[in-house]
Amino acid sequence: MTIFKKIIDHEIPADIVYEDDQCLAFRDISPQAPTHILVIPKKEITAVDALTEEDQMLVGHIFLVIQKIAKDEGLTDGFRVVTNNGQNACQTVPHLHFHLLGGRPFGWPPG
Ligand code: DGP
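Residues numbered from 1 in each chain as written. Predicted model: local features only at pLDDT ≥ 70, side-chain atom pairs only at ≥ 80, totals over all residues. Heavy atoms only, no water.

Draft legend 1. Focus on the sheet that holds strand 2 (residues 23-27). Within the open sheet, the five strands sit side by side as 1-2-3-5-4. Their pairing is antiparallel. Looking at strand neighbours, the two that pair on one side only are strand 1 (16-19) and strand 4 (79-82), the edges of this open sheet. Neighbour-to-neighbour, the strand axes of this sheet turn through a mean angle of 20°, independent of strand direction. By the bridge criterion, three bridges tie strand 1 to strand 2 in an arrangement that is antiparallel. Bridge pairing links Glu19 to Leu24 in strand 2. (Pairing = 2+ DSSP bridges. Helix = DSSP H or I, 4+ residues; strand = E, 2+ residues; numbered from the N terminus. Axes fitted to C-alpha atoms, helices over the stretch in contact; angles between N-to-C directions.)

And the structure:
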């Protein structure tokens, strides 16, 4: 069981900004921008490479939730959505999550 599953189950605290039957969003414990929120499915999926066709609606739903949170957070000047998949991408928690980052300019290419 990952730490994110414990947050989903409300076994450990998190600063939750959105929740519905399919997903949960909470502030990252180590923020890399003024707004840094993780949006995760409640279904236990390890990463993008574990997604299946049955997850299509879920992932689409998550992106609409990200759009809503970005609006709620006032990220009118832009924001970035990042998902790290696997070792080379520095994924540390093996539960699919989308980082919503905003409130400052970002560089490109990413590090
Ligand atoms: P990644 O490197 O993409 O796997 O990002 C995992 C993120 O999860 C990282 O930015 C820190 C965050 N994180 C890890 N443990 C916790 C936790 O217990 N609570 C919260 N709010 N965030 C966590």
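Here the narrative resumes.
Draft legend 2. Fine view of the nonpolar core. In terms of nonpolar packing, the biggest core is built from 16 residues, with Val39, Ile62, Ile69 and Leu100 touching the most fellow members. Counting residues per element, the ones that place at least two in this core are strand 2, strand 3 (35-41), helix 2 (56-72) and strand 5 (98-102). Counting residues per element, this core draws most heavily on helix 2, at six residues. Apart from the residues lying within four places of it in its own chain, the contact partners of Ile69 are Val17, Tyr18, Ala25, Ile37, Val39 and Leu100. (Core = buried A, V, L, I, M, F, W, Y, C linked by side-chain atoms within 4.5 Å. Buried < 20%, exposed > 50% of the residue type's maximum accessible area, 1.4 Å probe, protein only. Contact = heavy atoms within 4.5 Å.)

Draft legend 3. Geometry of the site of the ligand. By nearness alone, 15 residues border the ligand, and Asp28, Asn84, Thr92, His97 and His99 come closest of all. Take Val93: an N or O atom from its main chain is 3.1 Å from an oxygen atom of the ligand. Here an oxygen atom of the ligand sits 2.8 Å away from a polar atom, N or O, in the side chain of His97. Notes on the ligand: free accessible area 510 Å², of which the protein chains cover 82%. Here the shell around the ligand is composed, by residue class, of eight nonpolar, five polar and two charged. (Near = heavy atom within 4 Å. Polar contact = N/O pair within 3.5 Å; in protein donor to acceptor, adjacent residues only side chain to side chain. Areas by Shrake-Rupley, 256 points an atom, 1.4 Å probe, with all protein chains shown as cover. Nonpolar A, V, L, I, M, F, W, Y, C, P; charged D, E, K, R; others polar.)

Draft legend 4. Representation of the pattern of salt bridges within the structure. Per the counting criterion, the structure on display carries seven salt bridges. In this structure, Asp9 and Lys5 form a salt bridge, with 3.3 Å as the shortest nitrogen-oxygen distance. Given a relative accessible area of 32%, Asp9 falls into the partly exposed group. With a closest N to O distance of 2.8 Å, Lys68 and Asp72 form a salt bridge. Linking Lys68 with Asp72, this pair stays in helix 2, spanning four residues, or about one helical turn. Relative accessible area serves as the criterion here: at 39%, Lys68 is assigned to the partly exposed category. Accessibility expressed as a relative area gives 54% for Asp72, which makes it exposed. (Salt bridge = Lys/Arg side-chain N within 4 Å of Asp/Glu carboxyl O.)

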